[in-house]
Amino acid sequence: MSFTESEERQALRKAVADLGRSYGHEWYTKLARGGGHTTDLWNEAGRLGYLGVAVPEEYGGGGAGIGDLAAVCEELCAAGTPMLLMVVSPAICATVIARYGTGEQKSRWLPKFATGEVRMAFAITEPDAGSNSHRLTTTASRDGGDWILNGRKVFISGVDEADAVLVVGRTEDAKTGKLKPALFIVPTDTPGFEYKKIEMDLVSADSQFQLFLDDVRLPHDALVGSEDAALAQLFAGLNPERIMGASFSIGIARYALEKGVAYAKERSVWKVPIGSHQGLAHPLAQVKIELELAKLMTQKAAALYDGGDDFGAGEAANMAKYAAAEAAIKSVDTAVQVHGGNGMASEYGLGSLLGAVRVGRIAPVSREMVLNFVAQHSLGLPKSY
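Calculation rules
- Residues numbered from 1 in each chain as written.
- Predicted model: local features only at pLDDT ≥ 70, side-chain atom pairs only at ≥ 80, totals over all residues.
- Heavy atoms only, no water.
- Helix = DSSP H or I, 4+ residues; strand = E, 2+ residues; numbered from the N terminus.
- Core = buried A, V, L, I, M, F, W, Y, C linked by side-chain atoms within 4.5 Å.
- Buried < 20%, exposed > 50% of the residue type's maximum accessible area, 1.4 Å probe, protein only.
- Contact = heavy atoms within 4.5 Å.
- 1 Å grid on protein atoms, 1.4 Å probe; cavity = no way out; pocket = protein on both sides within 12 Å on 5 of 7 lines; lining within 4 Å.
- Points joined across faces, edges and corners; volume = space filled by probe spheres on them.
- Nonpolar A, V, L, I, M, F, W, Y, C, P; charged D, E, K, R; others polar.

Novice: Could you give an account of unusual backbone geometry, with specific residues and numbers?
Specialist: Of note, the amide linkage connecting alanine 363 to proline 364 takes the cis form, showing an omega dihedral of 0°. If you trace the backbone, proline 364 turns up in the loop between helix H9 (353-358) and helix H10 (367-378). The phi dihedral of phenylalanine 155 falls on the positive side, at around 55°, and the residue is not glycine. Relative to the elements of secondary structure, phenylalanine 155 occurs in strand S3 (residues 146-157). One non-glycine residue, aspartate 215, lies in positive phi territory at about 50°. Mapped onto the elements of the fold, aspartate 215 is located in strand S7 (residues 208-218).

Pasting the structure below:
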């Protein structure tokens, strides 16, 4: 096991960082506050192959793993240009289709994932289910050779930018009559598919939506993979989601820490830089330590996933997501405190991150559910819910 990234990944990081900085956080914030999207950056990143690094080579991608895609996500966030749809479209959706899709589904979608030409949202969360995926009420029933999909989804990212949505529903087991998970690709222009924006107190270029699925008729090949293996297929997408979520938090944490450190070096009070005082130096040093630890766990999770150890990756990905979210919250809070009043001034680009990093404790899985997972599966404690 190596703790040093390959030269190829380091070069990828540098190239992506240069691209992100060429746009910059000021550009991003202006777009986000004005209701715009990061379309130009997304398209350029796609043309350069950065969004498709994990798509198999035979479909025009880089043929690398989730570790390289996570590095792309981290560097864009560290440059102050986060794109939340990266966590969803190339990580969850492309991964699930690459691993479990039919030949036709792979040929249709993967080349466009490779270039960033297609954007696909992911819909699992429901208003009444919370973290209990067994209570999902979105159902699909057969009608001849078609599927009829009905249900509601909430807090679904980037639907207004997406060409399609990978929807987690449930179908009835013909033998037992019980409902089981199933994944469907639903183009956003399908009749009966509607969405409504959720107003959020966040400065983000990626919006959240409610979905309304009313008798949405889908062809038989809208079902991804096997109807009997959907649970495994679902978790094949959720592990990359957690790894990417961790990388997203790590990138923002790096951005805030860099700003905090720079200000602590430049700002002088009583004739010395404020960073010379332990009251500010130590919190910044703590952030650095916790950030590096979170990054190591994220890299471990990615290595396990790319190595085919889905269970080991699940444990590590949950831990990485937890650690990265905590590090990001601490990093932004510390950077704001170092800046004093300037930390809340729009000019310094930190105040808008206070809410953004808080999301990492909630999504894609809550902090409490991660602790439940570790208690039960890592420590062998009785199930608490």
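Novice: Tell me about the nonpolar core, and please be specific about residues and values.
Specialist: In this structure, Met86, Phe113, Met120, Phe122, Leu166 and Met244 are the most contacted members of the largest nonpolar core, which totals 81 residues. Among the elements that make up this core, the one with the highest residue count is helix H6 (residues 230-266) (15 residues). Discounting residues that sit within four places of it in the chain, leucine 166 has contacts with Cys93, Val96, Met120, Ala121, Phe122, Ala123, Leu183, Phe184, Ile185 and Val224.

Novice: Got a sec to walk through empty space enclosed by the protein? Specific residues and values, please.
Specialist: Applying the stated criterion across every chain, the model contains 1 cavity of 30 Å³ or more. Volume-wise, the largest cavity comes out at about 70 Å³. In this structure, the largest cavity is lined by 13 residues; those nearest its centre are Arg13, Ala70, Ser247, Thr298 and Gln299. Those elements that place two or more of their residues in the lining of the largest cavity are helix H1 (7-33), helix H3 (66-78), H6 and helix H7 (278-306). For the lining of the largest cavity, a count of residues per class yields 4 nonpolar, 4 polar and 5 charged.

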